[in-house]
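So you can see what is in the structure, the chains are spelled out below.
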Amino acid sequence: MNSKPSFSALLPLVFFLALFIGTGAVLTANGTKMAFYQLSAAVAILPAIAFSLLLGKLRGGQRLDKQLGVFISGVGDGNIITMCLIYLLAGAFASVATAIGGVSSTVNLGLDLVPPAFVLPGLFLIGAFVSTAMGTSMGTIAAIAPIAVGVGEQTTIGLPLLMGAVLGGAMFGDNLSMISDTTIAATRTQGCEMKDKFRVNLYIALPAAVLAVAGFALLGADGAVTVSGDYSVIKALPYMVILGMAVAGVNVFVVLACGIVFTGAVGLLTMPEYSLIGFSQDIFNGFKGMQEIMVLSMLIGGLGELIRVQGGIKWLLGRIDALTARSRSDNQARTGELSIAGLVSVADACTANNTVAIIFSGGLAKEIADKNGIDPRRSASILDIFSCVFQGIMPYAAQVLLAGSIAGISPVEVVGGNYYCFILAVVGLLAIMTGRPRIKS
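In this report, we go over the structure that sits alongside the text. No experiment lies behind these values; they were computed from the predicted model shown. (Residues numbered from 1 in each chain as written. Predicted model: local features only at pLDDT ≥ 70, side-chain atom pairs only at ≥ 80, totals over all residues. Heavy atoms only, no water.)

## A few points about the pattern of salt bridges
- Applying the stated criterion across every chain, the model contains 8 salt bridges.
- Ionic pairing is found between D384 and K197, a salt bridge with its closest N-O pair at 2.6 Å. Taken together, the positions of D384 in helix α18 (residues 376-393) and K197 in helix α10 (residues 194-219) put the pair 187 residues apart, joining distant regions of the chain.
- When its relative accessible area of 0% is taken as the criterion, D384 is described as buried.
- Residue classification places K197 among the buried residues on the basis of a relative accessible area of 1%.
- Residues joined by salt bridges that share partners form a network here, namely K195, D196 and R199. (Salt bridge = Lys/Arg side-chain N within 4 Å of Asp/Glu carboxyl O. Helix = DSSP H or I, 4+ residues; strand = E, 2+ residues; numbered from the N terminus. Buried < 20%, exposed > 50% of the residue type's maximum accessible area, 1.4 Å probe, protein only.)

## A few points about helix α4 (residues 78-99)
- The first and last C-alpha atoms of α4 sit 32 Å apart over 22 residues, in line with the 32 Å expected at 1.5 Å per residue.
- The positive-phi residue at the C-terminal boundary of α4 is G101, with phi of around 85°. (Expected span 1.5 Å × (residues − 1).)

## Here's the deal with the nonpolar core
- Counting 131 residues, the largest nonpolar core has F16, Y87, M163, L402 and Y420 as the members making the most contacts within it.
- With 11 residues, α4 is the largest single contributor of residues to this core.
- Every residue in contact with F16, bar those within four places of it in the chain, is listed here: A41, A44, I45, A48 and Y396. (Core = buried A, V, L, I, M, F, W, Y, C linked by side-chain atoms within 4.5 Å. Contact = heavy atoms within 4.5 Å.)

## Regarding helix α3 (residues 64-75)
- With 12 residues, α3 ought to run about 16 Å at 1.5 Å a step, and its terminal C-alpha atoms sit 16 Å apart, in line with that.
- Here α3 has its buried residues at Q67, V70, F71, G74 and V75. The buried residues of α3 occupy an angular sector of 145° when projected down its axis, which confines them to one face. (Arc of directions from axis to C-beta.)

Read these as spatial facts, not as claims about activity.
Written as structure tokens, this is what we have:
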């Protein structure tokens, strides 16, 4: 089933966002506590999926079983399954670390060494460093977010800000890392070297990171420890080990799996009452804690595939290509770069996966770059930057969902604390409008 370009294919996604965010906004206005928790996104997306299946029937006359086959192929996509496995391992690690007192020991040790006023910029910088080394924002969030949650429990700094700092740092590294999927996809589709794209990208992302660090420093300046506690270095050791492995560039699955085993071993050695049965129960409790975001991620994958097959993404690509063609005579490079930024941003909003968004839009972005005299290093940087911007500000993106799930807060609140991605969007647009950085041949 491969339909013609269709705007209507995008309507189910619009409907989902309007239902989920709109319900939370209305309940907030009415004074409802925990407003964005009242309607689960995993439930809000179900009418959107039914809407998409109905559109496939009305527009293309496709049988329901064929449409369900498309939906299921999206649910079972390799990227979706990879995210779900990371969810499970991250949940298990956080659960075991909490049960043996590893989180509290790590937090107390950190607060003993670092003043609370520097916690926010510190979390951002650690996230940026680890994500750049690992090449994955998901693994970075899984490793660092539990520590941020513990800091929130013992200081006056709010969880949305703490998780926003972790998420922002993770997206910084995801955008720049030489081994990130987004870097590989962007450079391959645009035909440039990763090291050249890195240099151009760094001139844009680094100023945004500096501004974000300054902002987090100001926002955390009044932070204070409300609950102080003792710590055990050996119980904090598992976090040091997995952070070390992450910085060394070890595969995220190996990092998390080793983290679970090592943390359990520390618990068995230091806590006489801790047993293998308790260890296994903690792992399973971690799995259960990730149930909602796993279901939502799979459903989003299925809806995204329906939108793609029904022609929604093809329609977007066509509209942006037409806009570029009409505007080419007026500052070709600027118009082309804005078109590439808009193209990958909308593609990411539809797919909720920045790597997939780059792959979808990379071919057309290359055509736009060639027609408008845009250096491949700039087009690759713009693709990567704006895909990461949207991946960090959409409440249904995997990174946001993971951070919110670990912290036990709404993904909308996480987005509100992720100042880095908003700053990066502004700096990225300024770079396009000014034509900087200048690229030497």
